[in-house]
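Examination of the molecular architecture
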Amino acid sequence: MTDTAMPSPLDPGTSGDGAKAPHPPGQVAMVFDLNKCMGCQTCSVACKVLWTREVGEEHQWWMSVNTQPGLGTPKGWEQMGGGWTEGAPAPGHQPSRAEFGGGWEFNYDEVFYGGKGRSVHLAPRDTGDGTTRWGMNWDEDQGGGEYPNAYYFYLPRLCNHCTHPVCVTACPSGAMYKRAEDGAVLRDEEVCQGARFCMEACPYKKIYFNYARNVAQHCILCFPRLEVGVAPTCARQCPGRLAFVGMLSDTDGPIHKLVEEWGVALPLHPEYGTGPNIFYVPPLAPYRLNEDMSIDEETPRIPPEYLESLFGPKVHSALATMRSELERVRSGGTSEILDTLIVYRWPDLFGPFTTDPASLDRTPEKVAVELTEGSPQRG
Amino acid sequence: MQGGSEVDIVEATGDMLDPAAAAWTTVPVETVRLAPVPLEAQPNAYIRAAWAGRPYGRVSEVRVATVRSGDSLLVRLEWERSGDPPGEFADAAAVFFPAAGGTAPPITIGTHAEPVTLWAWRDRLEVQAALPQAKELIATGPGTFRPRGASAGDTAGSGQTSERPGSVAAASRCEQGRWNVVVQGDLGPASKSGRMGIVVWDGSNDERAGIGAVSPDWLALSSS
Ligand code: SF4
Ligand code: SF4
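Residues numbered from 1 in each chain as written. Chains lettered and ligands numbered in written order. Predicted model: local features only at pLDDT ≥ 70, side-chain atom pairs only at ≥ 80, totals over all residues. Heavy atoms only, no water.

Remarks on the overall build of chain B
Scanning chain B from terminus to terminus reveals two helices and 14 strands. In chain B, buried positions account for 53% of the 224 residues. Across chain B, contacts joining residues at least 24 apart in sequence account for 69% of those joining residues at least 6 apart. With the model as given, the accessible surface of chain B reaches about 9300 Å², and the carbon-plus-sulfur share is 49%. (Helix = DSSP H or I, 4+ residues; strand = E, 2+ residues; numbered from the N terminus. Buried < 20%, exposed > 50% of the residue type's maximum accessible area, 1.4 Å probe, protein only. Contact = heavy atoms within 4.5 Å. Areas by Shrake-Rupley, 256 points an atom, 1.4 Å probe, with all protein chains shown as cover.)

Some remarks on the sheet that holds strand S11 (residues 266–267) of chain A
All names here are of chain A. Across the sheet, four strands lie side by side as S10-S1-S12-S11; this open sheet has mixed pairing. Across the chains shown, the open sheet's two edge strands, defined by having one partner strand only, are strand S10 (243–247) and S11. Examined bridge by bridge, strand S1 (residues 28–33) and S10 share five bridges and lie antiparallel to one another. Opposite Phe32, over in S10, you have Ala243 as the bridge partner. (Pairing = 2+ DSSP bridges.)

A look at the site of ligand 1
All residues adjacent to ligand 1 are Cys159(A), Asn160(A), His161(A), Cys162(A), Pro165(A), Cys167(A), Val185(A), Cys202(A), Tyr204(A) and Ile207(A). A per-class count over the shell around ligand 1 returns eight nonpolar, two polar and no charged. (Near = heavy atom within 4 Å. Nonpolar A, V, L, I, M, F, W, Y, C, P; charged D, E, K, R; others polar.)

Things to note about the domain arrangement of chain A
Residues and elements named next belong to chain A. By the assigned domains, chain A splits into domain 1 (13–101 + 136–357) and domain 2 (102–134). Taking only C-alpha atoms, the centre of domain 1 and the centre of domain 2 are 31 Å apart. Each partner contributes to the interface: domain 1 provides 16 residues, whereas domain 2 provides 10 residues. Note on domain 1 versus domain 2: buried area summed over both sides is about 960 Å², and carbon and sulfur give 68% of it. Where domain 1 meets domain 2, there are zero salt bridges. Along the contact surface separating domain 1 from domain 2 lie two residue pairs in polar contact (both at pLDDT 80 or more). When its residues are assigned to classes, the side of domain 1 that touches domain 2 shows five nonpolar, five polar and six charged. (Domains from an automatic or database assignment. Buried area = accessible area lost by both parts, 1.4 Å probe. Salt bridge = Lys/Arg side-chain N within 4 Å of Asp/Glu carboxyl O. Polar contact = N/O pair within 3.5 Å; in protein donor to acceptor, adjacent residues only side chain to side chain.)

Quick notes on the nonpolar core
Met30(A), Val31(A), Phe32(A) and Phe311(A) are the most contacted members of the largest nonpolar core, which totals 85 residues. Among the elements that line this core, the one with the most residues is S1(A), at five residues. Leaving out residues up to four positions away in the same chain, Phe311(A) has contacts with Leu34(A), Leu155(A), Leu266(A), Pro267(A), Leu268(A), Pro270(A), Tyr280(A), Pro282(A) and Pro283(A). The next biggest cluster of nonpolar side chains, apart from the first, holds 29 residues, and it includes Ile9(B), Val95(B), Trp119(B) and Met196(B). (Core = buried A, V, L, I, M, F, W, Y, C linked by side-chain atoms within 4.5 Å.)

Quick look at the packing of helix H9 (residues 304–311) of chain A against helix H10 (residues 314–330) of chain A
Running from amino to carboxyl end, H9(A) crosses H10(A) at an angle of 115°, the nearest separation of the two axes being 8 Å. Between H9(A) and H10(A), the residues in contact are Pro304(A), Leu307(A), Glu308(A) and Phe311(A) and Val315(A), His316(A) and Leu319(A), respectively. (Axes fitted to C-alpha atoms, helices over the stretch in contact; angles between N-to-C directions.)

With respect to the side chain of Thr132(A)
Residue and element names in this part refer to chain A. Here Thr132 is to be found in the loop between helix H3 (108–113) and strand S5 (153–157). For Thr132, a relative accessible area of 16% corresponds to the buried category. Here the side chain of Thr132 touches Asp126 through a polar contact of 3.5 Å, side chain to side chain. Excluding its chain neighbours within four sequence positions, the residues that come into contact with Thr132 are Trp104, Pro124, Arg125, Asp126 and Thr127.

Notes on the confidence of the model for chain A
When pLDDT is averaged along chain A, the result is 91; 93% of the residues meet or exceed 70. Note on residues 1–19 of chain A: pLDDT under 50 across the span, and 57 contacts to partners over four residues away in sequence or across chains. (pLDDT = per-residue confidence, 0-100.)

Details of the environment of Trp121(B)
Residue and element names in this part refer to chain B. Locating Trp121 in the fold gives a position in strand S7 (residues 116–122). The class of Trp121 is buried, set by a relative accessible area of 2%. A C-alpha to C-alpha distance of 7.1 Å links Trp121 and Val183, two positions 62 residues apart in sequence. Once you skip the residues sitting within four places of it in the chain, Trp121 turns out to touch Trp79, Asp91, Ala92, Ala93, Gln133, Ala170, Ser172, Trp179, Val181 and Val183.

Quick look at the pairing of strand S14 (residues 295–300) of chain A
Residues and elements named next belong to chain A. Pairing of strand S13 (residues 287–289) with S14 involves three bridges; the strand directions are antiparallel. Across the sheet, Tyr287 pairs through a bridge with Pro300, a residue of S14. Joining the antiparallel neighbours S13 and S14 is a turn of five residues, in which Met293 adopts a positive phi near 70°.

Here we look at the site of ligand 2
Around ligand 2 sit Cys37(A), Met38(A), Gly39(A), Cys40(A), Gln41(A), Thr42(A), Cys43(A), Val65(A), Pro156(A), Cys238(A), Pro239(A) and Leu242(A), and that is every residue in its neighbourhood. Looking at the shell around ligand 2, its residues break down into nine nonpolar, three polar and no charged.

Here we look at the packing of aromatic side chains
Applying the stated rule across the entire model yields 23 aromatic pairs over all chains. When the centroid spacing of 5.9 Å and the interplanar angle of 50° are considered together, the rings of Tyr280(A) and Phe311(A) count as tilted. Here Tyr280(A) is found in strand S12 (residues 278–281), whereas its partner Phe311(A) is found in helix H9, with 31 residues between them in sequence. In this pair, the class of Tyr280(A) matches that of Phe311(A), namely buried. Arranged with centres 6.5 Å apart and planes meeting at 35°, the rings of Trp79(B) and Trp179(B) form a pair that is tilted. Taken as a pair, Trp79(B) in strand S5 (residues 72–80) and Trp179(B) in strand S11 (residues 178–186) lie far apart in primary sequence, 100 residues in all. Owing to a relative accessible area of 1%, Trp79(B) belongs among the buried residues under this scheme. One aromatic cluster in this structure is built from Trp104(A), Phe106(A), Tyr108(A), Phe112(A), Tyr113(A) and Trp138(A). A cation over an aromatic ring shows up here: Arg157(A) above the ring of Trp77(A), its NZ or CZ 3.6 Å from the ring centre. (Phe/Tyr/Trp six-rings, centres within 6.5 Å; stacked < 30°, edge-to-face > 60°. Lys NZ or Arg CZ within 6 Å of the ring centre and 35° of its normal.)

This is how it looks when you write it as structure tokens:
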């Protein structure tokens, strides 16, 4: 995505039009309820369609959903370093194109039109550079455990728009910045020189490289949508109604309650030290089955230590809270936590960002004026 | 000047953007020693941590020749290429000139107070066929490079850039393990400062930004 109207990294926080901003300045955060995610990848595709359809962006999935347990994408990202260790940035590995995989071309012509539909499988064309050996929602789709206690869950991942973004620290050219009005971590692509230290430093490995344009790219928190009160596309398109968007500081909003008040939404790998602003309600799992197929009510099927390795030690109290809320409702009581997570009204997911994008004036004439004169929302 | 490094700008004979142009054989050549840009000068704690104890600045010397052609200065750089296979980063080189006088040495490739104008060339990796190989940048430190016209220093600008395409050109050849690169730009700023620095990046060693080899002292530019 090229956006020459992006605000200057040297002048953060002044690009929004205060009079029109849909919320007071602060951190926009998201909560994903992993108990409801069905791994349909609608969020990934919505993001792909909106932001990464140009040359050089083929392999980029700013929103990606990995199956857990598994090596994820890029392959083995949790072992690639980066983040903060005792207040200092830790060296990290720059994921290669092969480790990300994806961006494939398929043999459609051969299978669909070449008369080989019965003898040749549909498959990515091997480009010889290793990029077809791994990919999001492909080989990474693993899971854990053994029958009858196999388990898996889905983990939607995007840039965490961190409070201490080590990617910004690592950028030598000053192209990256965290802006004040919504906490989005952004990059001025006109300033980026393609040095890719951000990719090494980000411990979540959610920065991609556009080889065709020699710039790094990552999730922009749909900031042009936020500026006009529209929720990010991953959240809005999710059929599971599980992605909350809102201001972290809004004490009446579901995000603040889930994260700060009830402690049931947690950051991924808090030990990386970057202070993520994307949070997850960890997955409760069915109980284990004994060999005689009776239910072992004492043992969750997803090993708690595995969840702790993802979400830190607070995962145990988060799960305990969820279980006791479930128990209360099963016994005829009510639960504000569960009511919040059920999301009876779809717009309740989106905090101040409930505007329907279809209601905006997006005529080609209006867009052309914005492109030449700058969006009024961006100042 | 270190080792009396001085390059004589002679009059060009014909089109000399091609490093293989026969006319280059008659131009005086100066061998310039390069040194790694110091780790402590790197612009942030991440880069200093990532490169502590890792050798860089592997290109230790470069042969330099310069010619004047009308309003243009052409600089030919020649160095031995690393034998390692290319990885994520391309080999690259640049010459630079003080943007507005000043006396700071070139070792940090500009400072906030004394920026330098960079004429940068980079090889293209296979996937980058459409990328320009030459561009003009303003540098205020090792790796703190911005397209000319992008907001820099204390000037909080609009973020709009006004890169002047075509103001810097480059051509390159790699033969028998040696890079031959010619970069061409406006003679004005170069001859006004009378000084030139050189930086070379070994892409196979992941060198880029401030991780590279630089001329520790300015080369004096003289006109014959
Ligand atoms: S997730 Fe990575 S890219 Fe995003 S803000 Fe955090 S460190 Fe930066
Ligand atoms: S769209 Fe929603 S349910 Fe589907 S994968 Fe994404 S987060 Fe999960």
